[in-house]
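# Coordinate analysis (summary)
Residues per chain are reported as follows:
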Amino acid sequence: MTTFTRRQTLGLGAAALVSGILAGRLPVNAAETDTLTIAFNVNLPSFDPTVGASAVNPTIQAIYRSIFSQFIGQKTDLSFEPGILTDWGWNEDKTKVWMDVREGVTWHDGSPLTPEDVVWSLERAANPETGNPIQFVWSTIGNFSVDGNKVTADVLRFEPTLFMWMAFLTGYVMPKAYYEKVGAAGFEEAPIGSGPYMVEDYEGNAFLKLKAYPGYYGEKPAFDTVIFKFVPDTTSRVAEIESGSSDVTLEIPYEEYDRLIAKPGLSGVAEPVSDIGMIFLNNIDVMNDKNVRLAANYAINKQAIIDRLLSGYGVPLDTLEAPEYSAFDPDIKIPYDPDLAVKLLAESGYSTDNPVKFTIQTTRGLKPKDYEMIQAIVGMWRKVGIEADIEVYEIAKHYELRAADQLAPAAFYNWGNAIGDPTTSTGFAMFGPSPHSVWNTDDLDEMIGPLWGEMDEEKRIEGWKAVSKYIAEQGYVIPLLQYVQPIVFKDTLTVEPNLSGALQPTLIAPK
């Protein structure tokens with residue numbers, strides 16, 4: 001494996017990287033051959049898809065799903081399909097789980113994938129010492145047994161989303177014998193999986209080159225070689241696709257998306273993904289006043305923000321459930337009604353002459369127009385009697401403050417939920433004991449608490465819809481919009497959009 005120093009890599013510039021120093025080593029006009037080149041928006045910090053911060057980065061799942069197989073597969077509409085498990089479920093009283101392991105699967109070194117790999121992967125994920133960030137889910141089953149290709153386990157605590165997580169973050173089957181032989185460091189040096197592609201070449205902060213695995217159990221991918229160029233800078237990604245150095249790119253400004261897809265030789269797709277933009281409200285200071293909370297909701301013209309700032313790319317939301325989520329309720333509405341906002345504020349003694357004041361926190365540049373959206377919202381609030389000061393911080397600071405329950409009275413955030421379940425949206429965001437929540441009131445916790453272990457699925461979903469309705473009536477959070485993901489590609493390709501937002505190479509093919 002050829003390597004370059006960090007100084008050499010940084011000195012090249014993202015757009016010139018492959019077309020310059022790597023010219024001749026990696027194909028440029030890849031779509032004309034059997035090679036696909038993707039200008040990707042994040043780097044790959046680790047190859048292990050089950051531990052560390054990168055394991056819960058939704059964007060990197062496009063790479064992980066290319067190399068590794070998940071316990072359960074997921075279609076582009078978020079519905080589930082067989083993966084390494086061909087069938088799965090609970091027994092009648094939900095005290096046990098069972099899983100049928102696919103036969104005939106091999107690792108990239110040619111060795112067979114066995115039920116023992118599945119058990120080892122689940123036990124490793126459940127062990128808090130291994131650092132799996134979703135350990136609290138995996139630890140709900142244990143005492144595994146294997147009979148042929150069937151794995152069974154005891155339910156230690158009923159978790160209704162267990163099998164959903166098997167198609168989500170950290171839900172990957174790992175090679176027991178190989179990992180135990182080479183260790184964590186050796187695995188990072190030479191990772192193997194059982195997915196459609198195997199690692200051929202890698203340069204940190206520069207590129208990842210994958211080759212199709214001929215022994216893959218699933219459908220043969222359209223391209224024999226896939227190159228992920230790591231190009232975090234949006235301007236450089238635009239240059240990559242416009243110059244023809246890359247075949248596909250994503251997450252560029254919407255105005256650039258519109259400009260590029262109008263150019264000869266380029267095409268694009270921009271469809272809603274499972275990420276939503278929302279404003280956390282913290283039950284401190286003025287946010288304990290229901291009139292203030294509701295006024296802050298009613299004063300926001302979400303459609304105007306989407307039209308004017310996001311070039312029309314976005315779907316306004318009134319709950320933390322996107323339309324594709326299982327507990328979405330279209331009947332819950334929070335209308336744009338500035339007159340009602342003025343009336344509610346007046347009832348609490350506030351007006352444009354005597355505005356209610358608080359701080360709102362936001363990132364700047366993490367998502368398209370995040371800061372500009374908050375600027376627009378602050379302007380809308382000012383017209384009804386709300387004066388908000390904007391505090392900009394990095395996303396890492398948001399996580400730190402949220403975990404410590406120290407967010408400002410209002411804080412903008414982008415929430416992802418690729419399994420579309422209410423527990424991983426409304427639940428984690430609004431349940432007081434959750435490490436992701438800053439709203440802590442007994443009334444809401446008493447509604448949410450019993451739903452975590454509800455075994456009747458219909459009753460569970462209806463319960464979450466009732467929670468969403470109550471949250472809207474009380475104004476406990478401010479939902480804004482469902483994001484649209486822009487993808488630009490050469491018009492010699494077809495790209496199937498993925499509702500999860502994962503731009504997987506297997507979803508791309510020549511026309």
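Procedures and definitions
Residues numbered from 1 in each chain as written. Predicted model: local features only at pLDDT ≥ 70, side-chain atom pairs only at ≥ 80, totals over all residues. Heavy atoms only, no water. Helix = DSSP H or I, 4+ residues; strand = E, 2+ residues; numbered from the N terminus. Rg over C-alpha atoms; globule rule 2.2 N^0.38 Å. Buried < 20%, exposed > 50% of the residue type's maximum accessible area, 1.4 Å probe, protein only. Areas by Shrake-Rupley, 256 points an atom, 1.4 Å probe, with all protein chains shown as cover. Lys, Arg positive; Asp, Glu negative; His and termini not counted. Charge placed at Lys NZ, Arg CZ, Asp CG, Glu CD. Pairing = 2+ DSSP bridges. Axes fitted to C-alpha atoms, helices over the stretch in contact; angles between N-to-C directions. Contact = heavy atoms within 4.5 Å. pLDDT = per-residue confidence, 0-100. Phe/Tyr/Trp six-rings, centres within 6.5 Å; stacked < 30°, edge-to-face > 60°. Salt bridge = Lys/Arg side-chain N within 4 Å of Asp/Glu carboxyl O. Polar contact = N/O pair within 3.5 Å; in protein donor to acceptor, adjacent residues only side chain to side chain.

## Quick notes on the overall build of the protein chain
- When its secondary structure is counted, the protein chain shows 16 helices and 19 strands.
- Relative to the compact-globule value of 24 Å for 511 residues, the protein chain shows a C-alpha radius of gyration of 24 Å, a close match.
- Taking the principal axes of its C-alpha atoms as reference, the protein chain extends roughly 70 × 60 × 40 Å.
- For the protein chain, the proportion of its 511 residues judged to be buried stands at 56%.
- Accessible surface for the protein chain amounts to roughly 20,300 Å². Of this, 50% is attributable to carbon and sulfur atoms.
- Averaging the locations of the 40 positively and 69 negatively charged side chains of the protein chain gives two centres separated by 4 Å.

## What about the sheet that holds strand 6 (residues 141-147)?
- Taken in spatial order, the 4 strands make up an open sheet running 4-5-7-6, and their pairing is antiparallel. Edge positions in the sheet fall to strand 4 (85-90) and strand 6, since each has one partner strand and no second. Shown here is a sheet whose adjacent strand axes are inclined to one another by a mean of 15 degrees, direction ignored.
- With 5 bridges connecting them, strand 6 and strand 7 (residues 150-155) associate as antiparallel partners. Pairing of Ile 141 across the sheet is with Val 155, part of strand 7.
- Each of strand 4, strand 5 (96-101), strand 6 and strand 7 is contacted by helix 3 (residues 115-126), which is oriented at about 175 degrees to strand 6, the strand it contacts most.

## Let's talk about the environment of Ile 38
- Among the secondary structure elements, Ile 38 is positioned in strand 1 (residues 35-40).
- Each C-alpha atom of the pair Ile 38 and Asp 247 lies 5.9 Å from the other, and the pair is 209 residues apart in sequence.
- In this structure Ile 38 touches Val 226, Ile 227, Phe 228, Lys 229, Ser 246, Val 248, Leu 503, Pro 505 and Ile 508, once residues within four positions along its chain are discounted.

## Topic: the pairing of strand 8 (residues 197-203)
- Taken together, the 6 bridges between strand 8 and strand 9 (residues 207-212) define a ladder with antiparallel strand orientation. Considered in strand 9, the bridge of Met 198 is made with Lys 211.
- Between strand 8 and strand 9, which pair antiparallel one after the other, the connecting turn spans 3 residues, and Asn 205 there sits at a positive phi close to 65 degrees.

## Section: helix 10 (residues 302-309)
- Among the residues of helix 10, Lys 302, Ala 304, Ile 305 and Ile 306 are the ones counted as buried.
- In this structure, the buried side of helix 10 is in contact with strand 13 (315-316), helix 12 (370-384) and strand 17 (477-490).
- Immediately beyond the C-terminal end of helix 10, within one or two residues, lies Ser 311, with a positive phi of roughly 55 degrees.

## Here we look at the confidence of the model for the protein chain
- Looking at the protein chain as a whole, its pLDDT mean stands at 91, while 94% of the residues score no less than 70.
- Throughout residues 1-31 the model reports pLDDT below 50, and contacts reaching past four residues in sequence, or to other chains, amount to 55 contacts.

## Side note on the packing of aromatic side chains
- This model, assessed by the stated rule, comprises 28 aromatic pairs.
- With centroids separated by 6.1 Å and ring planes inclined at 75 degrees, the aromatic side chains of Tyr 64 and Tyr 172 adopt a geometry described as edge-to-face. Within this pair, whereas Tyr 64 is found in helix 2 (residues 61-67), its partner Tyr 172 is found in the loop between helix 5 (162-165) and helix 6 (176-189), the two being separated by 108 residues in sequence.
- The class of Tyr 172 is buried, set by a relative accessible area of 1%.
- Seen from their ring centres, Phe 136 and Phe 428 are 6.0 Å apart, and the 85 degrees between their planes marks the pair as edge-to-face.

## Quick notes on the side chain of Arg 237
- With respect to the helices, strands and loops of the structure, Arg 237 is situated in helix 7 (residues 234-243).
- Lacking a salt bridge, the buried Arg 237 has Glu 251 as its closest oppositely charged neighbour, with an N-O distance of 6.4 Å.
- At a separation of 2.5 Å, a polar atom in the side chain of Arg 237 contacts the main-chain carbonyl oxygen of Glu 251.
- With near-sequence residues (within four places) excluded, Arg 237 lies in contact with Ala 39, Phe 40, Asn 41, Val 231, Pro 232, Thr 249, Leu 250, Glu 251 and Ile 252.

## Structural notes on the pattern of salt bridges
- Per the stated rule, a full pass over the model turns up 20 salt bridges.
- Among the salt bridges present, the one from Glu 159 reaches Arg 157, with a minimum N-O distance of 3.7 Å.
- Salt-bridge contacts for Arg 460 lead to Asp 421; the nearest nitrogen and oxygen are separated by 2.7 Å. Taken together, the residues Arg 460 in helix 16 (residues 457-474) and Asp 421 in the loop between strand 16 (410-416) and helix 14 (426-430) connect sequence positions 39 residues apart.
- Asp 421 sits in the buried class, given a relative accessible area of 0%.
- Salt bridges linked by common partners bring Glu 242, Glu 256, Arg 259 and Lys 263 together as one network.

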